[in-house]
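Commentary on secondary and tertiary structure
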Amino acid sequence: MKSIVLTGMMGSGKTTCARHIAMIHGGSFVDTDARIVERAGMSISDIFEQAGELAFRNLETEICRTLSGQGDLIIATGGGLILREENVAYLKKNGIFIFLNRPADEIYDTVSLRRRPLAQNGRDAFLRTFQAREACYRATADIIISDFSTVNATLNEIKEKMEGMR
Ligand code: S3P
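Read on for an overview of the structure. (Residues numbered from 1 in each chain as written. Predicted model: local features only at pLDDT ≥ 70, side-chain atom pairs only at ≥ 80, totals over all residues. Heavy atoms only, no water.)

Quick word on the nonpolar core
Counting 29 residues, the largest nonpolar core has M9, L67, I75, L91 and F126 as its most contacted members. When residues of this core are traced back to their parent elements, those giving at least two are α3 (44-51), α4 (53-67), β3 (73-76), α5 (85-92), β4 (95-100), α6 (104-110) and α7 (123-140). Apart from residues lying up to four places away in sequence, I75 is in contact with I4, V5, L6, V30, T32, L67 and L91. Membership of the second largest hydrophobic core comes to 17 residues, among which are C17, I143, I145 and F148. (Core = buried A, V, L, I, M, F, W, Y, C linked by side-chain atoms within 4.5 Å. Buried < 20%, exposed > 50% of the residue type's maximum accessible area, 1.4 Å probe, protein only. Helix = DSSP H or I, 4+ residues; strand = E, 2+ residues; numbered from the N terminus. Contact = heavy atoms within 4.5 Å.)

Side note on the packing of aromatic side chains
Scanning the entire structure with this criterion turns up four aromatic pairs. Between Y108 and F126 the ring centres are 5.4 Å apart and the planes differ by 50°, which places this aromatic pair in the tilted class. A residue pair is termed long-range when its members are at least 10 positions apart, and Y108 in helix α6 and F126 in helix α7 qualify at 18 residues. Judged by its relative accessible area of 1%, F126 falls in the buried class. (Phe/Tyr/Trp six-rings, centres within 6.5 Å; stacked < 30°, edge-to-face > 60°.)

Side note on the site of the ligand
Contacts to the ligand come from 13 residues, most closely from K14, D33, R57, R116 and R133. Here K14 contributes a side-chain N or O atom positioned 2.5 Å from an oxygen atom of the ligand. At a separation of 3.3 Å, an oxygen atom of the ligand approaches a polar backbone atom of G80. Its free accessible area being 380 Å², the ligand has 95% of it covered by the protein chains. Along the lines of polarity and charge, the residues of the shell around the ligand split into five nonpolar, three polar and five charged. (Near = heavy atom within 4 Å. Polar contact = N/O pair within 3.5 Å; in protein donor to acceptor, adjacent residues only side chain to side chain. Areas by Shrake-Rupley, 256 points an atom, 1.4 Å probe, with all protein chains shown as cover. Nonpolar A, V, L, I, M, F, W, Y, C, P; charged D, E, K, R; others polar.)

Have a look at this one:
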C-alpha cells in the first residue's frame, strides 16, 4: 500500500486523522514533528528558539528523506513541510497527499495553537500564512478534504475520496 501523507495548516487535524486512519485501516502512524523532536532531543518551540526555523526545516527535510519511498505509513506532516519541493518529492515517491483544507479562521478561533511557534503573531498573521501557503497545499494534493464537522465526517470523506481514486 502507498503511504498516506496528510497536509494542511497547523491545527487542521492531521495528527488526529492520521492516528485514526492507522488504527482503522492499519499502517504505521508517523508524525514528522515527533520524529524531529526525537532527533533534536528538544521541543519544537525550543528548536525554533535556540536553533532557528532554518535548522528546524533542515531537520524536517532529513526526516522526509528517511521516509522516502516507504509504503504503509500514515504520515502527519508539519504544516510547513510542503513548502520545500524536496520534501514533497521525497514523500511523493510512494505517498498519496491528502490536504485537510480546514478554514484557517475556524482553526484560529477554535483550536489551541499555544505550542506552535509560527502561530503566535495574531489572527491576521495566521490567516496570511494560510493565504501564502494555500496554492502550495492545493498543488501538492492528490485529494482535498473539506468536511470538518466531526472527526468521523472528515475520515469518511478521506475514505470516499480514496476509494474514488482506484
Ligand atoms: C509548522 C507547523 C507545525 C510544526 C512547526 C511549523 C508550520 O506542525 O511543524 O511548528 O510551519 O506550519 P503542525 O502543523 O502539526 O502544527
